[in-house]
Amino acid sequence: MLSKFARTGAAGAVVLAGLSAPVQATTYEYRMIVNTITVTVSCFRGPFTEVIWDRPNPVFIDSLVNAGYSYPEAHAIGERVCRDPSTVDRPDAAVQVMYRIIAENPPGR
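All of these numbers come straight from a predicted model, not from anything done at the bench. (Residues numbered from 1 in each chain as written. Predicted model: local features only at pLDDT ≥ 70, side-chain atom pairs only at ≥ 80, totals over all residues. Heavy atoms only, no water.)

A. Representation of the packing of helix H3 (residues 71–82) against helix H4 (residues 91–104). Running from N to C, H3 and H4 point in directions that differ by 140°, and their axes come no closer than 9 Å. H3 and H4 meet at a crossing whose hand is right-handed. Residues Ile-77, Arg-80 and Val-81 of H3 touch H4, and the partners they reach there are Ala-94, Val-97, Met-98, Arg-100, Ile-101 and Glu-104. A breakdown of the residues in the contact of H3 with H4 according to their chemical character gives six nonpolar, no polar and three charged. (Axes fitted to C-alpha atoms, helices over the stretch in contact; angles between N-to-C directions. Helix = DSSP H or I, 4+ residues; strand = E, 2+ residues; numbered from the N terminus. Left-handed = near helix turned anticlockwise from the far one by under 90°. Contact = heavy atoms within 4.5 Å. Nonpolar A, V, L, I, M, F, W, Y, C, P; charged D, E, K, R; others polar.)

B. Main features of the state of the cysteines. Taken as a whole, this structure holds one disulfide when the rule is applied. The disulfide bridge from Cys-43 ends at Cys-82, spanning 1.9 Å between sulfur atoms. Across the disulfide from Cys-43 to Cys-82, rotation about the S-S bond amounts to roughly -75°, and the bridge is consequently left-handed. Highlighted residues: Cys-43 in strand E1 (residues 43–44) and Cys-82 in helix H3, separated in sequence by 39 residues. Relative accessible area serves as the criterion here: at 22%, Cys-43 is assigned to the partly exposed category. Assessed through its relative accessible area of 0%, Cys-82 is described here as buried. (Disulfide = S-S within 2.5 Å. Buried < 20%, exposed > 50% of the residue type's maximum accessible area, 1.4 Å probe, protein only.)

C. Fine view of the side chain of Ser-63. Mapped onto the fold, Ser-63 is located in helix H2 (residues 58–67). Only 2.8 Å separates the side chain of Ser-63 from the backbone oxygen of Phe-60, close enough to count as a polar contact. (Polar contact = N/O pair within 3.5 Å; in protein donor to acceptor, adjacent residues only side chain to side chain.)

D. Fine view of the packing of aromatic side chains. Tallying each qualifying case throughout the model produces zero aromatic pairs. One residue, Arg-55, lies across the ring of Phe-44, its end atom 4.5 Å from the ring centre. (Phe/Tyr/Trp six-rings, centres within 6.5 Å; stacked < 30°, edge-to-face > 60°. Lys NZ or Arg CZ within 6 Å of the ring centre and 35° of its normal.)

E. Geometry of the pattern of salt bridges. Enumeration according to the criterion identifies three salt bridges in this entry. Across the salt bridge formed by Arg-45 and Asp-54, the nearest N and O atoms sit 2.5 Å from each other. For Arg-45, a relative accessible area of 25% translates into the label partly exposed. Close ionic contact of Arg-100 with Glu-104 constitutes a salt bridge, the shortest N to O distance being 4.0 Å. Here Arg-100 pairs with Glu-104, and both are found in helix H4, just four residues apart, close to one helical turn. Take Glu-104: its relative accessible area is 49%, and that puts it in the partly exposed class. Several salt bridges converge on common partners, so that one network encompasses Arg-80, Arg-100 and Glu-104. (Salt bridge = Lys/Arg side-chain N within 4 Å of Asp/Glu carboxyl O.)

Now the structure itself:
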């Protein structure tokens with residue numbers, strides 16, 4: 001009878017030892033874009049190089065609202081981009097300012 005218990009105990013120890021063996025873990029990392037934000041940067045520029053009449057066009061404000069900003073946020077962002085003196089006659093600079101704003105304050109926060 002004792003040998004039967006000894007065999008059962010030895011078999012249980014082998015099973016438990018197999019379960020406690022270290023398992024190799026694998027980490028997967030995938031970079032992907034979940035949401036794409038499309039913003040139309042469109043400003044009305046006055047006839048002067050000074051920032052006098054510059055303001056965002058409605059399509060700019062609407063695209064910011066559609067991207068997830070509230071209307072007051074969208075209007076403030078539009079004013080900030082269009083009235084920036086460094087973007088006068090430099091539409092690529094206006095786009096870079098918009099990229100920076102989205103990075104610092106993403107929509108829906």
